Amino acid sequence: MSEAEGTAVDDTPDGSAEVEAVVEGIQGRDRRALAKAITLIESRRGDRAEVGQEVLERVMPLTGGSIRLGVSGIPGVGKSTLIDALGKLLLDRGQRVAVLAVDPSSTVSGGSILGDKSRMPHLAADERAFIRPSPTAANLGGVARRTREAILLAEAAGYDVVLVETVGVGQSEVEVAQMVDFFALLLLPGSGDELQGLKKGIVELADVIVIHKADGDLADQARRTANDYRAALRYLGASGTAREVEVLTASAHEGEGIEELWSLVQERWEKDRTSGALDERRRAQQRQWFRRLVEEKVMDEFLSRAGVASRFESLESEVAAGRKTAGGAADELVAATRSN
Ligand code: GDP
């Protein structure tokens, strides 16, 4: 059991002394206080989670100052190696780095854990870095929500750069793209179906595509793959893709392309901040997040009313079987609960 869930640190009825202590710790940039705050917001115990929300609310004025960068790619593409190399570069420049992970599959598959400290030796050894694995919430929505809140807590604790690592399997990439300022997609040189990333619509999400492991025998292949992507993106650009997507090659092992990646992120971030595009992106993300939470809560509340859940399920089966239309069944469900 985690420290925050297990111990009664506070005997004030509303947990206010505990909130105070954690808030002070975060203000003082104490890594343990940040870890504790994240454990609180992740808690499945309502009263603990509430304490976490209070902490979050209290530190909100301190949030917003970091560069939020998403890093995505299939397992084995070299995400943790690259994040470690990038993190080291940032630490060398005097910046504090937090790494968070979004991986709803890790708990189910028991696969390699994103945000695992042993996979990021430089960051793990430096006390100016903070690494947090994916929360073990049951669903992606829960994981995403907690990660969004963890980003804010990390910012409040003074981290200059927040890296959000996610595994390249569709929906979790969409989630992460909706919580970061800049999204980097890592791909392998000449990986089978060359332009698979484009087909999956990932281009919609990525600000930069990094052809990784551009070293040794793979170096030439990586350059060719990068050129293929550039050509394809130009073609797509001509047909109306709004955002500019950069394509780089990099090798975390050889330290190639890491500085270029960071320069690009920094330049874009500064440009977007000056133009107001960064604020706009963040505002849109906040609105979208708020709407989703309201939808979830309204739905939960609705389904918790007497008889609604069973009615919902039976109508759902009717719709699935093609006996009712989705629209008709939705109207019927809402009408039936109104007359209750
Ligand atoms: P992740 O699953 O995406 O986090 O990938 P890892 O960072 O764990 O790396 C997977 C494997 O790729 C490991 O064996 C790494 O040593 C290797 N790897 C990571 N970066 C590079 C690189 O720049 N070049 C080459 N050739 N291999 C790399």
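Cut-offs used in this document
- Residues numbered from 1 in each chain as written.
- Predicted model: local features only at pLDDT ≥ 70, side-chain atom pairs only at ≥ 80, totals over all residues.
- Heavy atoms only, no water.
- Helix = DSSP H or I, 4+ residues; strand = E, 2+ residues; numbered from the N terminus.
- Buried < 20%, exposed > 50% of the residue type's maximum accessible area, 1.4 Å probe, protein only.
- Contact = heavy atoms within 4.5 Å.
- Areas by Shrake-Rupley, 256 points an atom, 1.4 Å probe, with all protein chains shown as cover.
- Near = heavy atom within 4 Å.
- Polar contact = N/O pair within 3.5 Å; in protein donor to acceptor, adjacent residues only side chain to side chain.
- Nonpolar A, V, L, I, M, F, W, Y, C, P; charged D, E, K, R; others polar.
- Axes fitted to C-alpha atoms, helices over the stretch in contact; angles between N-to-C directions.
- Parallel < 35°, antiparallel > 145°, perpendicular 65-115°, else oblique.
- Left-handed = near helix turned anticlockwise from the far one by under 90°.
- Expected span 1.5 Å × (residues − 1).
- Arc of directions from axis to C-beta.
- 1 Å grid on protein atoms, 1.4 Å probe; cavity = no way out; pocket = protein on both sides within 12 Å on 5 of 7 lines; lining within 4 Å.
- Points joined across faces, edges and corners; volume = space filled by probe spheres on them.
- Patch = residues over 30% accessible without salt bridge, like charges linked within 9 Å, V, L, I, M, F, W, Y side chains within 5 Å.
- Salt bridge = Lys/Arg side-chain N within 4 Å of Asp/Glu carboxyl O.
- Core = buried A, V, L, I, M, F, W, Y, C linked by side-chain atoms within 4.5 Å.
- Pairing = 2+ DSSP bridges.
- pLDDT = per-residue confidence, 0-100.

Focus: the overall build of the protein chain
Step number 1: Counting its secondary structure elements, the protein chain contains 15 helices and seven strands.
Step number 2: The proportion of buried residues among the 340 residues of the protein chain is 46%.
Step number 3: A separation threshold of at least 6 residues defines the contact pool for the protein chain, and within that pool the share at least 24 residues apart is 75%.
Step number 4: Just so you have it, the protein chain exposes about 16900 Å², and 51% of that area is on carbon and sulfur atoms.

With respect to the site of the ligand
Step number 1: Near the ligand you find 15 residues, and of these Lys79, Ser80, Thr81, Arg119 and Asp215 are the closest.
Step number 2: Between the ligand and the protein, one listed contact pairs an oxygen atom with a backbone N or O atom of glycine 78 at 3.0 Å.
Step number 3: Taking serine 80, its side chain carries an N or O atom lying 2.6 Å from an oxygen atom of the ligand.
Step number 4: Within the complex, the protein chains bury 74% of what would otherwise be the 580 Å² of accessible surface of the ligand.
Step number 5: The residue makeup of the shell around the ligand, split by class, is four nonpolar, seven polar and four charged.

Quick word on the side chain of aspartate 207
Step number 1: Mapped onto the elements, aspartate 207 comes out in the loop between helix H10 (196–199) and strand S6 (208–211).
Step number 2: Accessibility expressed as a relative area gives 2% for aspartate 207, which makes it buried.
Step number 3: Of note is the side chain of aspartate 207, whose polar atom sits 2.7 Å from the backbone nitrogen of phenylalanine 183.

A few points about the packing of helix H4 (residues 46–59) against helix H8 (residues 140–156)
Step number 1: Between H4 and H8, the least distance of the axes is 10 Å, while the angle of their chain directions is 45 degrees. On the basis of their axis angle, the class for H4 and H8 is oblique. For the crossing formed where H4 meets H8, the hand is left-handed. Contacts from Gln53, Val55, Leu56 and Val59 of H4 reach H8 at Arg145, Glu149, Leu152, Leu153 and Ala156.
Step number 2: Of the residues contributing to the contact of H4 with H8, the split by class is six nonpolar, one polar and two charged.

Quick notes on H4
Since the α-helix advances by 3.6 residues per turn, residues separated by three or four positions end up pointing in the same direction.
Step number 1: Taking 1.5 Å of rise per residue, the 14 residues of H4 would be expected to cover 20 Å, and the 20 Å separating its terminal C-alpha atoms lies within 8% of that figure.
Step number 2: Regarding H4, the residues found buried are Arg48, Ala49, Val51, Gly52, Val55, Leu56 and Val59. Angularly, the buried residues of H4 cover 155 degrees about the axis, an arc narrow enough to put them on a single face. Opposite its buried face, H4 presents the exposed residues Glu50 and Glu57, each directed more than 90 degrees away.

As for empty space enclosed by the protein
Space left empty within the atom packing is revealed by a probe, the size of a water molecule, rolled over the atoms.
Step number 1: All told, the structure shown has one cavity of 30 Å³ or more when counted by the stated rule.
Step number 2: For the largest cavity, the full set of lining residues is Ile38, Glu42, Leu100, Ala101, Arg132, Pro133, Pro135, Arg146, Thr147 and Ala150.
Step number 3: Breaking the lining of the largest cavity down by element, the ones donating at least two residues are helix H3 (31–42), strand S2 (97–102) and H8.
Step number 4: For the lining of the largest cavity, the element with the highest residue contribution is H8, accounting for three residues.
Step number 5: Here the lining of the largest cavity is built from residues that sort into six nonpolar, one polar and three charged.

Focus: a nonpolar patch on the surface
Step number 1: A cluster of nonpolar residues, Phe290, Val294 and Val298, forms a patch on the protein surface that exposes about 280 Å² of accessible area.
Step number 2: By the secondary structure assignment, valine 298 is in helix H13 (residues 277–303).

A short note on the nonpolar core
Step number 1: Counting 51 residues, the largest nonpolar core has Ile26, Leu34, Val55, Leu153, Ile209 and Ile211 as its most contacted members.
Step number 2: In terms of residue count, the dominant contributor to this core is H8 (nine residues).
Step number 3: Leaving out residues up to four positions away in the same chain, isoleucine 211 has contacts with Leu187, Leu188, Pro189, Ala222, Thr225, Ala226, Tyr229, Val247, Leu248, Thr249 and Ala250.
Step number 4: Core analysis: the second largest hydrophobic core is formed by 33 residues, Ala129, Leu163, Val208 and Leu264 among them.

A short note on the sheet that holds strand S3 (residues 129–132)
Step number 1: Taking strand neighbours across the sheet as the criterion, the seven strands line up as S3-S2-S4-S1-S5-S6-S7 in an open arrangement whose pairing is parallel. Both outer strands of the open sheet, S3 and strand S7 (246–249), are each paired with one neighbouring strand and no more. Across the sheet, the axes of successive neighbouring strands diverge by a mean angle of 20 degrees, strand direction being ignored.
Step number 2: Pairing between S2 and S3: four bridges, direction parallel. Bridge pairing in S3 places alanine 98 opposite phenylalanine 130.
Step number 3: Packing against the sheet, H8 makes contact with strand S1 (67–73), S2 and strand S4 (161–167), and its axis sits at approximately 170 degrees to S2.

Brief notes about the confidence of the model for the protein chain
Step number 1: With 83% of its residues at a pLDDT of 70 or more, the protein chain has an overall mean of 85.
Step number 2: Taken as a whole, residues 1–8 scores under 50 in pLDDT and shows twelve contacts with residues more than four places along the chain or in a different chain.

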